[in-house]
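# Descriptive structure summary
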Amino acid sequence: MSHEIYESAMRRALELALLGPAWGVNPQVGCVILNADGQTIAEGWHKGAGTPHAEVDALSKLDQVPAGATAVVTLEPCNHTGRTGPCAQALIAAGVSRVVYAVSDPGATSGGGAQTVQDAGIETIAHVLENEAREQNRVWLTANTRQRPFVTLKWASSLDGRAAANDRTSKWISGPESRADSHLRRSNVDAILVGTGTVLADDPELTARKPDGTLYEHQPLRVVIGESELPASARVFNSDAETVHLRTHSLHGVLAALWQEGVKHVWVEGGPTVASNFARLGLVDEYLVYLAPTLLGGARTAIADLGVTTMTEAKSLDFVEIKQLGADILIRATERGN
Ligand SMILES: NC(=O)c1ccc[n+]([C@@H]2O[C@H](COP(=O)([O-])OP(=O)(O)OC[C@H]3O[C@@H](n4cnc5c(N)ncnc54)[C@H](OP(=O)(O)O)[C@@H]3O)[C@@H](O)[C@H]2O)c1
């Protein structure tokens, strides 16, 4: 069968993967089963922790797998028995002849599925549309490689990099399109984190809301860090989502505790003190900056001291995405070489 057929099936598998949730401990995975002529005979995707993996979901749609079938899957089939059985064994039992996948599984226990199917006499072809699949699952891949949650640091600032005015007000720095975009992204993460300073200054709800104000179905865990007491009446303690107050300044400790709880993606919403410390410690995997066409001047910069005293110590970033949102600009950036 030609490589174009595998690429085209992989493109479809990548689309299917997006039908599953982005939040939760598991990756988004899609699978297409082709018959010996290269025609699609089944499709599947992973619908969240505890449910069948994409390969098993696709196989379940077939009474019998015909001879010469190929499974095209966005991630190397898993090799371990978690809440569901290993996909490598399911593919062997189903009698597929070939497994085509995009990205190797970096997991210490889940990886190695390709070797298992090869040992059973199944042909494997790796790295098909690998870059696209890596980008799609960058949160899960990074978190599993680093064994801590993926950290997105988000802020909204004026063009001159201020996150608040001198009187500490910061509401509506960015426009409605930016806020809608940021709430949609929030609805796809596991936890949203701020310092006590932000709760005391702004009394935010920290929920993921649609433009009409109603809540998205999935609400991230709300995490507040810092030693200050918080009023029980703070809106972050309302019943719209779960909240934990971690009375610590240890960011490594916070990430380790959240990872233990199955948090794969943390969205750090500030404020400047907490944001700077994440950046200073090299714990930011992705910066998301909503830049508004306003000037505020003054002392309330989005990022405070990073310990950089001269240009050679500057943190160098790459802009990986730039998008116009109404009057604002969204910049997604990563640390160079990271
Ligand atoms: N534009 C935006 O995107 C945006 C977003 C958020 C906030 N803001 C603005 O930011 C301002 C609040 O700034 P902020 O810097 O005070 O807020 P913050 O970063 O949310 O809170 C700072 C507090 O967090 C605690 N903390 C937890 N871990 C820490 C660590 N590793 N290092 C240092 N402190 C740690 C400390 O409080 P304890 O004494 O309790 O330990 C510290 O005083 C407000 O004006 C708000 O409107 C703007």
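Quick caveat, the model's predicted, so the values are computed rather than measured.

## Regarding the site of the ligand
In the neighbourhood of the ligand, 26 residues make up the surrounding shell, with Thr198, Glu227, Ser228, His249 and Thr273 lying closest. Between Glu227 and the ligand, the recorded distance is 2.7 Å, taken from a backbone N or O atom to an oxygen atom. Contacts to the ligand include Val274, whose backbone N or O atom sits 2.9 Å from an oxygen atom. Relative to its unbound accessible surface of 930 Å², the ligand loses 84% to contact with the protein. At the level of secondary structure, the elements contributing two or more residues to the shell around the ligand comprise strand E6 (150-158), helix H8 (196-202) and helix H10 (272-280). With five residues, H8 is the largest single contributor of residues to the shell around the ligand. Class assignment of the residues belonging to the shell around the ligand gives a composition of nine nonpolar, 13 polar and four charged.

## Notes on a nonpolar patch on the surface
Residues Phe319, Ile322 and Ile329 make up a contiguous nonpolar surface patch of roughly 300 Å² in combined accessible area. One can find Ile322 in strand E12 (residues 317-325). Using a relative accessible area of 56% as the deciding quantity, one classes Ile322 as exposed.

## What about the environment of Asn144?
Following the sequence through the fold, Asn144 ends up in helix H6 (residues 138-146). If we skip the residues at most four places from it in the chain, Asn144 touches Pro106 and Trp259. At 2.9 Å, the side chain of Asn144 and the backbone oxygen of Trp140 are in polar contact.

## Observations concerning the domain arrangement of the protein chain
By the assigned domains, the protein chain splits into domain 1 (3-143) and domain 2 (148-335). Look at where the C-alpha atoms of domain 1 and domain 2 centre, and you get two points 34 Å apart. Listed per partner, the contact involves 11 residues of domain 1 and 15 residues of domain 2. When domain 1 packs against domain 2, close to 1100 Å² is buried across both sides, 58% of that on carbon and sulfur atoms. Of all residues in domain 1, Trp23, Val139 and Ala143 give up the largest surface area on contact with domain 2, accounting jointly for 51% of the area buried on that side. Our count for the domain 1 to domain 2 interface comes out at two salt bridges.

## As for helix H1 (residues 3-17)
Under the 1.5 Å per step criterion, the end-to-end length of H1 is 21 Å for 15 residues, consistent within 8% with the ideal 21 Å. Where H1 is concerned, the buried positions are Tyr6, Ala9, Met10, Ala13, Leu14, Leu16 and Ala17. One side of H1 carries all its buried residues, which in axial view fall inside an arc of 155°.

Here is what the cut-offs are and how they apply
- Residues numbered from 1 in each chain as written.
- Predicted model: local features only at pLDDT ≥ 70, side-chain atom pairs only at ≥ 80, totals over all residues.
- Heavy atoms only, no water.
- Near = heavy atom within 4 Å.
- Polar contact = N/O pair within 3.5 Å; in protein donor to acceptor, adjacent residues only side chain to side chain.
- Areas by Shrake-Rupley, 256 points an atom, 1.4 Å probe, with all protein chains shown as cover.
- Helix = DSSP H or I, 4+ residues; strand = E, 2+ residues; numbered from the N terminus.
- Nonpolar A, V, L, I, M, F, W, Y, C, P; charged D, E, K, R; others polar.
- Patch = residues over 30% accessible without salt bridge, like charges linked within 9 Å, V, L, I, M, F, W, Y side chains within 5 Å.
- Salt bridge = Lys/Arg side-chain N within 4 Å of Asp/Glu carboxyl O.
- Buried < 20%, exposed > 50% of the residue type's maximum accessible area, 1.4 Å probe, protein only.
- Contact = heavy atoms within 4.5 Å.
- Domains from an automatic or database assignment.
- Buried area = accessible area lost by both parts, 1.4 Å probe.
- Expected span 1.5 Å × (residues − 1).
- Arc of directions from axis to C-beta.

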